[in-house]
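One-letter residues, chain by chain:
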Amino acid sequence: METRIEQVEQFTVKGYEMNGPVTDIPKLWDELNHIIEKKGAQPEESFGITLGMGNGNFHYLAGIKSESAEGFTDTKELLIPSGKFIVAKVEGGVEAIPAAFDALLRNPNVKLRHSYGFERYIHPAGSTEFETEVWVAIE
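Residues numbered from 1 in each chain as written. Predicted model: local features only at pLDDT ≥ 70, side-chain atom pairs only at ≥ 80, totals over all residues. Heavy atoms only, no water.

I'm lost on helix H2 (residues 97-105) in this one. Help?
An α-helix turns once per 3.6 residues; consequently, residues spaced three or four apart project the same way. When we look at burial in H2, the residues that qualify are Ile-97, Ala-100, Phe-101 and Leu-104. All buried residues of H2 fall inside an arc of 100° around its axis, so they share one side. Turned more than 90 degrees away from the buried face of H2, the exposed residues are Pro-98 and Ala-99. If you follow the buried residues of H2, they end up packed against strand E1 (3-8), strand E6 (83-89), strand E7 (117-122) and strand E8 (131-138). (Buried < 20%, exposed > 50% of the residue type's maximum accessible area, 1.4 Å probe, protein only. Helix = DSSP H or I, 4+ residues; strand = E, 2+ residues; numbered from the N terminus. Arc of directions from axis to C-beta. Contact = heavy atoms within 4.5 Å.)

How should helix H1 (residues 25-39) be read in this particular structure?
End to end, H1 covers 21 Å across 15 residues, agreeing with the expected 21 Å (1.5 Å per residue, within 8%). Buried within H1 are the following residues: Ile-25, Leu-28, Trp-29, Leu-32, Ile-35 and Ile-36. Taken down its axis, H1 places every buried residue within 125° of arc, on the same side. Away from the buried face of H1 by more than 90 degrees, exposed residues Lys-27, Asp-30, His-34, Glu-37 and Lys-38 are located. Positive backbone phi, at 70°, marks Gly-40, one or two positions downstream of H1. (Expected span 1.5 Å × (residues − 1).)

Would you mind going over the pattern of salt bridges with me for this structure?
Side chains that differ in sign of charge can pair as their charged atoms come close. Scanning the entire structure with this criterion turns up eight salt bridges. Here Glu-133 makes a salt bridge to Arg-4, at a shortest N to O gap of 3.0 Å. Linking Glu-133 in strand E8 with Arg-4 in strand E1, this pair joins segments that are 129 residues apart in sequence. Under the relative-accessibility criterion, Glu-133 is labelled buried at 3%. Measuring nitrogen to oxygen at the nearest pair gives 3.8 Å for the salt bridge that ties Lys-89 to Glu-131. Note that Lys-89 is positioned in strand E6 and Glu-131 in strand E8, a separation of 42 residues in sequence. Using a relative accessible area of 31% as the deciding quantity, one classes Glu-131 as partly exposed. In the salt-bridge network here, residues are joined through shared partners; they are Arg-4, Glu-6, Glu-45, Lys-65, Arg-120 and Glu-133. (Salt bridge = Lys/Arg side-chain N within 4 Å of Asp/Glu carboxyl O.)

Would you mind going over the environment of Asp-74 with me for this structure?
Here Asp-74 is to be found in the loop between strand E4 (57-65) and strand E5 (76-80). On the basis of relative accessibility, which here comes to 74%, the residue Asp-74 falls in the exposed class. It is 10.0 Å that separates the C-alpha atoms of Asp-74 and Glu-17, two residues lying 57 residues apart in sequence.

Structure follows, in structure tokens:
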């Protein structure tokens, strides 16, 4: 798996959160995508952010950059702090996301930093296809 290092400036994601079984995540994305369509928003990227895990529950936020979410209601805003991330493209669809995260977390060449890990979905305007990346915070 090819990786790259990215330095990012802080940004804010606005979206919908859940705290429950991982099987609830697709419903959260359905809700976000419905609101995006209803509001006529055209984000070129969206984010799935892991806020926490434990006891069989997954605390997760599905969202878009806040400047693209004008008029969205009942959302949560989350600041992604500035810093370095190790990034990998996910091959094999959403089913391959856990394995991609695991590979980055086990990379012996980087020191992990306490921050959010997230999925980044890149969907250029006018395209029905999207690319998926996983991002893990590093020192």
